[in-house]
Amino acid sequence: MQKWYQIFHKSTGLSPYVWVVFYILPFYFIFRSTSTYQIVIGILMIVMFFAFYVLSFLSKGWVVYFWTSLQILISITMSVVFSYIYFSLFLAFFIGNIRNKAGFFTLYTVHLITTVITVNYGLLTRNPFFITQLPFVLVSVVGVILLPVTNYNRNKNDQLQGQLEDANKRISELVKLEERQRIARDLHDTLGQKLSLIGLKSDLAGKLMTQDTARAQAEIDDVRQTARTALKEVREMVTRMRGTRLTDEFFRIRQILKAAQIELTFEGTLEPDNLSLMNENVISMCLKEAVNNIVKHSNATTCSIAIESTESDLVARVKDNGTGFVTDTKNRGNGLRGMRERLEFVNGSMEFTSGEGTTLVLRVPTVLRLPDKEAGI
């Protein structure tokens, strides 16, 4: 839930000063009265209102609605007796922070109806002090209508963003778990059999050392060769596990296009902000596949690549002046399907148009850190 003092953005510098005005203003209204009895009653109602207001933020469950109902009664009394309607803004802000849908709409409706009735009562009785502040009263009515809905929608949006962030974290953990399992399988398949073989051949060579030196030497040579093969496979596996960076991949793209005598033009950045290594690896692999398709199938002479980073996405556009997809689409289907599957895995997308050449648009989401959300009602 938002704090009571956060109705204005921090950068405006208005928040504490505006609320201080709202704290002091009701005392001005009650001290206009000539009756000491009314002044005492007014001060008690002001103190009670703010006490109930604080209790509303601290309470949970049905108690919240009890304190809020008392505040509505005090607000009505202050409006009728002292022509002070601005407690309704406090209530409007608080009601907008209620997360329960039924509770929100119930209190919103009750508060709106009572405020409108109170304003109409002041107009019908032609209270001179009420009439003089009519523009501010109308502003308060607008606030009572809009402020709860605005706060409620903003809190819902923050809640959805928090849920989305939690879901992304869970997906990330699942991806890590799957990657660990894959690495475990690769290590078992790569090293398990070969280490077992090395152990058996070493034992055999030890037994043959005093009986058949030539055969023992052959077994030792097999052990050495098996160890070298295992080392080579481990290095290849580690190389595959390393993420491909855009900078490294683009260097290879330049070499491929240069060897194919295709002119390359590039715009954008190869070091985007807020992009995870996994998403950068996916976009790098898709760019490599797209360039391979251009070299193999397009008969293009020029290729342009533009990479643009926004707050929510990284967009890569690959365009060539080749023959398009009119011919040889069957051979290209697997490459496009593979790119689409990689992108969908990270919530990305792919679009392409074919005519005078081909334009391929690749999108992957960037990873932004959201502010921590506070619990609400």
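The protein is annotated in an unreviewed UniProt entry as histidine kinase from Paenibacillus glucanolyticus. Quoted verbatim from the Catalytic activity (unreviewed entry) field of UniProt, the annotation for the protein is "ATP + protein L-histidine = ADP + protein N-phospho-L-histidine."

Draft legend 1. Broad picture of the overall build of the protein. The number of helices and strands found in the protein is 11 helices and 5 strands. The buried share of the protein, taken over its 377 residues, is 35%. The long-range share in the protein, meaning contacts at least 24 apart out of those at least 6 apart in sequence, stands at 68%. For the protein, the accessible area works out to roughly 22500 Å², and carbon and sulfur atoms hold 60% of it.

Draft legend 2. Focus on the packing of aromatic side chains. Using the criterion set out here, one finds 16 aromatic pairs in the structure. Three or more aromatic residues joined by ring pairs form one cluster here, namely Phe49, Phe50, Tyr53, Phe87, Phe90 and Phe94.

Draft legend 3. Focus on the packing of helix α2 (residues 36–58) against helix α4 (residues 87–95). It is at 12 Å that the axes of α2 and α4 come closest, and there the two elements cross at 5°. With respect to their mutual orientation, α2 and α4 come out roughly parallel. Residues Ile46, Phe49, Phe50, Tyr53, Ser56 and Phe57 of α2 form the contact with α4, whose participating residues are Phe87, Phe90, Leu91, Phe93 and Phe94. Considered class by class, the residues forming the contact of α2 with α4 number 10 nonpolar, 1 polar and no charged.

Draft legend 4. Broad picture of the packing of α2 against helix α3 (residues 62–82). Direction vectors running N to C along α2 and α3 enclose 150°, while the axes themselves pass 9 Å from each other. The angle between α2 and α3 places the two elements in the roughly antiparallel class. For the pair α2 and α3, the crossing hand works out as left-handed. Counting all contacts with α2, which are made through Gln38, Gly42, Met45, Ile46, Met48, Phe49, Phe52, Tyr53, Leu55 and Ser56, the residues of α3 involved are Val64, Trp67, Thr68, Leu70, Gln71, Ile74, Thr77, Met78 and Phe82. When its residues are assigned to classes, the contact of α2 with α3 shows 13 nonpolar, 6 polar and no charged.

Draft legend 5. Focus on helix α5 (residues 101–124). Between the first and last C-alpha of α5 there are 34 Å, a value that for 24 residues agrees with the 34 Å anticipated at 1.5 Å per step. Restricting attention to buried positions, one finds in α5 the residues Gly103, Phe104, Leu107, Tyr108, His111, Thr114, Thr115, Thr118, Val119 and Gly122. The distance from a side-chain oxygen at the start of α5 to the backbone nitrogen of alanine 102 is 3.2 Å, and the residue carrying that oxygen is asparagine 100. Positioned one or two residues after α5, arginine 126 has a phi angle of 55°, which is positive.

Draft legend 6. Spotlight on the pattern of salt bridges. This model, assessed by the stated rule, comprises 3 salt bridges. Taking the shortest distance from any N to any O, the salt bridge between arginine 224 and aspartate 221 comes out at 2.8 Å. Within this pair, arginine 224 and its partner aspartate 221 are both found in helix α8 (residues 213–241), separated by 3 residues, close to a single helical turn. One salt bridge connects glutamate 249 with arginine 252, and the closest N-O pair in it is separated by 3.2 Å. Of the two residues, glutamate 249 and arginine 252 are both situated in helix α9 (residues 246–259); the distance of 3 residues between them amounts to about one turn of the helix. Here glutamate 249 falls in the buried class, since its relative accessible area comes to 3%.

Draft legend 7. A nonpolar patch on the surface, seen in detail. A contiguous nonpolar surface patch, about 480 Å² in accessible area, is contributed by Tyr37, Val40, Ile41, Leu44 and Met48. Given a relative accessible area of 43%, valine 40 falls into the partly exposed group.

Draft legend 8. Seen up close, α4. By the criterion of burial, α4 is predominantly enclosed, with 9 of the 9 residues buried. Taken together, the buried positions of α4 are occupied by Phe87, Ser88, Leu89, Phe90, Leu91, Ala92, Phe93, Phe94 and Ile95.

What counts and how
Residues numbered from 1 in each chain as written. Predicted model: local features only at pLDDT ≥ 70, side-chain atom pairs only at ≥ 80, totals over all residues. Heavy atoms only, no water. UniProt positions renumbered as here; feature names shortened; annotations may be inferred. Helix = DSSP H or I, 4+ residues; strand = E, 2+ residues; numbered from the N terminus. Buried < 20%, exposed > 50% of the residue type's maximum accessible area, 1.4 Å probe, protein only. Contact = heavy atoms within 4.5 Å. Areas by Shrake-Rupley, 256 points an atom, 1.4 Å probe, with all protein chains shown as cover. Phe/Tyr/Trp six-rings, centres within 6.5 Å; stacked < 30°, edge-to-face > 60°. Axes fitted to C-alpha atoms, helices over the stretch in contact; angles between N-to-C directions. Parallel < 35°, antiparallel > 145°, perpendicular 65-115°, else oblique. Nonpolar A, V, L, I, M, F, W, Y, C, P; charged D, E, K, R; others polar. Left-handed = near helix turned anticlockwise from the far one by under 90°. Expected span 1.5 Å × (residues − 1). Polar contact = N/O pair within 3.5 Å; in protein donor to acceptor, adjacent residues only side chain to side chain. Salt bridge = Lys/Arg side-chain N within 4 Å of Asp/Glu carboxyl O. Patch = residues over 30% accessible without salt bridge, like charges linked within 9 Å, V, L, I, M, F, W, Y side chains within 5 Å.

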